[in-house]
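# Topology and contacts: notes
Take a look at the letters that make up each chain.
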Amino acid sequence: MSIQRLPPLNAVRAFEAAARLGSYVAASRDLHVTQPAIGRHVKLLEEWLGVRLFDRTPRGVSLTPAGQRYYEKIASALQQIADAGHELTPGGTARWLKIMVVPAFAKRWLMPRLEALLEQRPGLKIAIEPNPTFEAVDGQRA
């Protein structure tokens, strides 16, 4: 089986995020890139495909009929890629973040921000270990 020439995959990801979220700004936040980068990726994809994918308005973007058809196909394809990776990742997509922190810092600053972090990183598991002195971390002197 031979794979046909693929479009630029970063451009496809940028398009998918903009289509799903309805704006380049929201897509840039979702993918942690700048808004102009999303615009450049989408323009590159439109040039590669030879078709306009979005109607641009002052309020954001909306899919053209061609963009809607393309979005329906690539959204499921990207999900299949994510699922394939999930099946191979030991323990699923769960990733652990271990944070050693001074208790007062954890209570006042860290804890109020954890919910937003978990929304941005689904599957992330966090272990918070209070350490009032930070004299040593993993047996190493600080």
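Residues numbered from 1 in each chain as written. Predicted model: local features only at pLDDT ≥ 70, side-chain atom pairs only at ≥ 80, totals over all residues. Heavy atoms only, no water.

### Quick notes on the overall build of the protein
Inclusion rule: Secondary structure is summarised from DSSP: a helix means a run of H or I of at least four residues, a strand means a run of E of at least two, and numbering begins at the N terminus for each. Between buried and exposed lies partly exposed: a residue is buried under 20% and exposed over 50% of the maximum accessible area for its type, with that area taken using a 1.4 Å probe on protein chains only. We call two residues in contact when some of their heavy atoms are within 4.5 Å. For the accessible areas, the method is Shrake-Rupley and the probe is 1.4 Å, while residue cover comes only from the protein chains on display.
The secondary structure content of the protein amounts to 5 helices and 6 strands. The buried share of the protein, taken over its 142 residues, is 26%. Contacts spanning at least 24 positions in sequence make up 55% of the contacts within the protein whose residues lie at least 6 apart. Accessible surface computed for the protein: about 10,300 Å², of which carbon and sulfur atoms make up 56%.

### With respect to the packing of aromatic side chains
Selection rule: Here is the rule: rings of Phe, Tyr and Trp (six-membered ring for Trp) pair when centre to centre is within 6.5 Å. Planes less than 30 degrees apart are stacked, more than 60 are edge-to-face, and the remainder are tilted.
Within this structure, the stated rule accounts for 4 aromatic pairs. Ring centres of F15 and F54 lie 5.3 Å apart, and the angle between their planes is 50 degrees; on these two criteria the pair is classed as tilted. With F15 in helix α1 (residues 9-21) and F54 in strand β1 (residues 54-57), this residue pair connects regions lying 39 residues apart in the sequence. The class of F15 is buried, set by a relative accessible area of 0%. Consider the rings of F15 and Y70, whose centres lie 5.5 Å apart with planes at 50 degrees: the pair is tilted. Of the two residues, F15 sits in helix α1 while Y70 sits in helix α4 (residues 65-88), which places them 55 residues apart along the sequence.

### Thoughts on the side chain of T64
For the record, the criterion: As used in this structure description, the phrase polar contact means that two N or O atoms lie within 3.5 Å; if the pair is within protein, one of them must be able to donate a hydrogen and the other to accept it, and residues adjacent in sequence are counted only when both atoms belong to side chains.
Within the element layout of this structure, T64 appears in the loop between β2 (60-63) and α4. Assessed through its relative accessible area of 5%, T64 is described here as buried. A distance of 2.9 Å separates the side chain of T64 from the backbone nitrogen of G67, its partner in a polar contact. Each residue touching T64, except ones within four places of it in the same chain, is listed here: R52, L53, F54 and D55.

### Some points on the packing of helix α2 (residues 24-31) against helix α3 (residues 35-49)
What counts, and what does not: A fitted line through C-alpha atoms serves as each axis, taken over the contacting stretch for helices, and the angle formed by two N-to-C directions is quoted from 0 to 180°. Any angle that falls under 35 degrees is termed roughly parallel, while one over 145 is termed roughly antiparallel, one within 65 to 115 roughly perpendicular, and all others oblique. By the convention adopted, Pro, Cys, Tyr, Trp, Phe, Met, Ile, Leu, Val and Ala count as nonpolar, Lys, Arg, Asp and Glu as charged, and the other residues, Gly among them, as polar.
Between α2 and α3, whose axes approach to 8 Å, the crossing angle comes to 105 degrees. By the angle class used here, α2 and α3 are roughly perpendicular. Counting all contacts with α2, which are made through Y24, V25, A27, S28 and L31, the residues of α3 involved are Q35, I38, G39 and V42. Here the contact of α2 with α3 is composed, by residue class, of 6 nonpolar, 3 polar and no charged.

### Quick notes on unusual backbone geometry
Leaving glycine out, the prevailing phi sign among residues is negative, and the prevailing peptide bond configuration is trans. Positive phi outside glycine occurs at H32, with the angle close to 60 degrees. Mapping H32 onto the fold places it in the loop between α2 and α3. According to the relative accessible area criterion, H32 is partly exposed, its value standing at 45%.

### A few points about the packing of α1 against α2
The condition that has to hold: Note on convention: near helix rotated counterclockwise from far helix by under a right angle means a left-handed crossing. Clockwise means right-handed.
Running from amino to carboxyl end, α1 crosses α2 at an angle of 125 degrees, the nearest separation of the two axes being 8 Å. The angle between α1 and α2 places the two elements in the oblique class. For α1 against α2, the interelement crossing comes out right-handed. Together, R13, A14, A17, A18, R20 and L21 of α1 and Y24, A26, A27, D30 and L31 of α2 make up the contact between the two elements. The class makeup of the residues in the contact of α1 with α2 is 8 nonpolar, no polar and 3 charged.

### Observations concerning the pattern of salt bridges
Formally: Definition used for salt bridges: Asp or Glu carboxyl oxygen within 4 Å of a side-chain nitrogen of Lys or Arg.
Going through the model one piece at a time under the given rule, you end up with 5 salt bridges. As a salt-bridge pair, E46 and R56 come within 2.9 Å of each other at their nearest N and O atoms. Highlighted residues: E46 in helix α3 and R56 in strand β1, separated in sequence by 10 residues. Ionic pairing is found between D55 and R52, a salt bridge with its closest N-O pair at 2.0 Å. A relative accessible area of 47% places R52 in the partly exposed class. Each of E16, R20 and D30 takes part in a single network of salt bridges with overlapping partners.

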